[in-house]
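Listed below are the residues making up each chain.
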Amino acid sequence: MQSMDTVLQVIYYTHQNPHKRKVSMYTIYTTETCGYCYAAKKLLTANDIEYKEIDLNTTEKKNFFKHETGLKTVPQIYTDSGDHIGGYDDLVEHMNSTK
């Protein structure tokens, strides 16, 4: 399980420094009961794209994410260079455009 401090640091750093982030995988912000989150993870896996999942599993994490990003829905997906892809439909479009 991720510590609250670690999750908040990743959220803050990702959104304050999107082009400085050097990670060899995508980052996907999710909630446990989100069907589109599950579908997005499945799509990434099917395309052999590694991802780091950040589970917004508390009200505090969700509120912090909303405050820092202005985004209110999940999944929210970022490339390994820190570029924001968007949600599941945006991921599908992104995957189709990079083939």
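You'll find the structure just up there.
Let us look at the structure shown here. (Residues numbered from 1 in each chain as written. Predicted model: local features only at pLDDT ≥ 70, side-chain atom pairs only at ≥ 80, totals over all residues. Heavy atoms only, no water.)

Here we look at unusual backbone geometry
Most peptide bonds take the trans form, and the phi angle of most residues other than glycine is negative. To be explicit about the condition: Here a strand is any run of E in DSSP of at least two residues, a helix any run of H or I of at least four, and the numbering for each starts at the N terminus. When a residue's accessible area, from a 1.4 Å probe over protein chains only, is under 20% of the maximum for its type it is buried; when over 50% it is exposed; and in between it is partly exposed.
Between valine 74 and the following residue, proline 75, the backbone shows a cis peptide bond with an omega angle of 5 degrees. Position of proline 75 among the secondary structure elements: in the loop between α3 (59–69) and β3 (76–78). One non-glycine residue with positive phi stands out, namely aspartate 48, at about 55 degrees. With relative accessibility at 71%, the residue aspartate 48 sits in the exposed group.

A word on the nonpolar core
Short version of the rule: Residue types Ala, Val, Leu, Ile, Met, Phe, Trp, Tyr and Cys, when buried and joined through side-chain atoms within 4.5 Å, form a set referred to as a nonpolar core. In this description, contact between two residues means that some pair of their heavy atoms is separated by no more than 4.5 Å.
Counting ten residues, the largest nonpolar core consists of Tyr26, Ile28, Ala40, Leu43, Leu44, Ile49, Ile77, Ile85, Leu91 and Met95. For this core, the elements supplying multiple residues, two or more each, are β1 (26–30), α2 (35–46) and α4 (88–97). Ranked by residues supplied to this core, first place goes to α2 with three residues. Not counting the four nearest positions on each side in its chain, isoleucine 85 is found in contact with Tyr26, Ile77, Tyr78, Thr79, Asp90, Leu91 and His94. Counting residues in hydrophobic clusters, the runner-up holds five residues, among them Tyr29, Ile54, Phe65 and Tyr78.

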